[in-house]
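# Reading the structure
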Amino acid sequence: MLDHIIRRASLIGADQVHDIGIADDRFVEISPRIEADAVEETNADGCLVVPPFVDAHFHLDAALSLGQPTLNQSGTLLEGIQIWAALKPSLNAAAIKERAMALLHWSIAQGTLIIRSHVDVTDPSLLAVEVLLEVKKEMSRWIDLQLVAFPQDGLLRCPDGRALLTRALDLGVEVIGGIPHYERTMAQGGESITWLCELAEKRGLLVDMHCDESDDPLSRHIEHLTAETSRLGLGGRVTASHLTSMHSMDNYYVSKLLPLMAESGIQAVCNPLINIHIQGRHDTYPKRRGLTRVPELLAAGINVAFGHDCVMDPWYPMGTHDMLEVAHMGAHCLQMMGAAQAEELLAMVTSRGAAVLNQQDYGIRKGNPADCVILQASDAMQAIRLRAARLQVFRRGRIIAHGRPRNSELHLGAAPIEIDFRR
Ligand code: FE2
């Protein structure tokens, strides 16, 4: 007797529906027909079942702080950093925790159960670090939160930046962050990269830096981060987030850069919602899109994932922590609309993100923890087109969120017309 069977699930890569058997919190059988009985059954009825969404890049400490103390009028990264700096001294533990918990409830409802969140470590009190470590522990039954020590005001630019970042790691933050393009000079940006990578090597930690988040075609921190990844043998452990300058770089230079990145084993994260909103702000027309070169990175064999980055904070006033919305924006801004590309987009908010976070046991496979999401869609393209309703979210074999189908009923004549946007 199994605990739960999900009947008639569509799965990416399978040409017929499958039953998914769950026992003791894990997937125990995935086959076209499971004959066993179960305590509980859910009929997916041909709907797509995917592993939980992964947000490979987020800022939980700032989420839902929109308007505190002011709104970002210019829409630029730098004004956002100034607003956040003005808010920091007045932050208190209760407020940070309340916002973080509210956001994580949204995440669960959206089926986003694995999140890498940067946390600002340039506040001398490290208050947000302490609160988010507590939130991570409290929410661990339902959601996996991986924290990155992020020196928002610059590792070298912030007084005591290095000591604060080290203290955050000692408190239990598990990934080393950075922001080389915000240091005072290109040389100091490079110096920060070397210091952070050597620290990662010494401590055996992962690295995820905000890297070249600008429209400057001559920003070259990715080159330095790639070289340090190779020199120190950190391949597979280092992620470069944003890489927006790559959008504007000279094509010849990028043709040299991509193979070096592939050779080093570095991974990349693109944040479509935020990049399309923040980049190109100093342009008149034409305005650059500013997203990094995702199809080219993938073609070069470099793992790329998507992040949501922000929800209602000093940088971005919108969002519901919906990773399908991120994939939807990516499809448009990156011109990835082909049927095969839809599966690639879905991978960037699921399995490719899990690889960035170095998650073991991820995916709908026998023996893995029974975490998955039933979508009101039958394939990847439909899931992204509709930003499909999350009908059930499973965590360790238990349904932890129920969503309502998104249908409509028209009253145009005598008989109501049922609208189902799937076709
Ligand atoms: Fe970020």
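These notes cover the structure that comes with them. Note that the structure is predicted; figures quoted are calculated from it, not measured. (Residues numbered from 1 in each chain as written. Predicted model: local features only at pLDDT ≥ 70, side-chain atom pairs only at ≥ 80, totals over all residues. Heavy atoms only, no water.)

Taken as a whole and assessed by the stated rule, the structure comprises two cavities of 30 Å³ or more. Space inside the largest cavity adds up to approximately 100 Å³. As for the largest cavity, its lining consists of H59, L77, F150, Q152, I179, H210, E213, H242, I274, D309, C310 and W315. If you add up the space inside the second largest cavity, you get close to 30 Å³. H59, D61, A62, W84, V119, D120, F150, Q152 and W315 are the residues that line the second largest cavity. Of the residues in the lining of the second largest cavity, the class split is five nonpolar, two polar and two charged. (1 Å grid on protein atoms, 1.4 Å probe; cavity = no way out; pocket = protein on both sides within 12 Å on 5 of 7 lines; lining within 4 Å. Points joined across faces, edges and corners; volume = space filled by probe spheres on them. Nonpolar A, V, L, I, M, F, W, Y, C, P; charged D, E, K, R; others polar.)

Within the secondary structure layout, N368 lies in the loop between helix 13 (351-356) and strand 14 (372-375). With residues up to four places along the chain from it excluded, the contact list for N368 reads D25, R26, F27, D361, Y362 and G363. (Helix = DSSP H or I, 4+ residues; strand = E, 2+ residues; numbered from the N terminus. Contact = heavy atoms within 4.5 Å.)

Running from amino to carboxyl end, helix 4 (residues 161-171) crosses helix 5 (residues 186-203) at an angle of 25 degrees, the nearest separation of the two axes being 13 Å. Taken as axis vectors, helix 4 and helix 5 run roughly parallel relative to one another. Helix 5 is crossed by helix 4, and the crossing has right-handed handedness. Of helix 5, the residues touching helix 4 (which contributes R162, L165, T166, L169 and D170) are E191, W195, L196, L199 and R203. Grouping the amino acids of the contact of helix 4 with helix 5 by side-chain chemistry returns five nonpolar, one polar and four charged. (Axes fitted to C-alpha atoms, helices over the stretch in contact; angles between N-to-C directions. Parallel < 35°, antiparallel > 145°, perpendicular 65-115°, else oblique. Left-handed = near helix turned anticlockwise from the far one by under 90°.)

Taken as a whole, the largest pocket spans an internal volume of roughly 350 Å³. Here the element with the most residues in the lining of the largest pocket is helix 1 (residues 77-87); it accounts for three residues. What lines the second largest pocket is a set of 15 residues, among which I12, P51, T350, S351 and I364 lie closest to the centre. For the lining of the second largest pocket, the element with the highest residue contribution is helix 12 (residues 339-348), accounting for three residues. Class assignment of the residues belonging to the lining of the second largest pocket gives a composition of 10 nonpolar, three polar and two charged.

All right, on to the coordination of the iron ion then. Around the iron ion, the protein contributes the donor atoms H57 (NE2), H59 (NE2), H210 (NE2) and D309 (OD), which lie 2.2 to 2.5 Å from the metal centre. Counting gaps between the donor residues of the iron ion yields the pattern H-x1-H-x150-H-x98-D. With respect to class, H57 is no different from H59; both count as buried. (Donors = N, O, S within 2.8 Å, 3.2 Å for Na, K, Ca; no water. Buried < 20%, exposed > 50% of the residue type's maximum accessible area, 1.4 Å probe, protein only.)

To continue, consider the sheet that holds strand 14. On the basis of which strands lie adjacent, the open sheet formed by four strands has the order 5-14-15-16 and antiparallel pairing. The open sheet terminates on both sides in strands that have one partner only, identified here as strand 5 (49-50) and strand 16 (398-402). Inspection of the sheet shows strand 14 paired to strand 15 (residues 390-395) by four bridges, in the antiparallel sense. By the bridge assignment, C372 is partnered in strand 15 with F394. (Pairing = 2+ DSSP bridges.)

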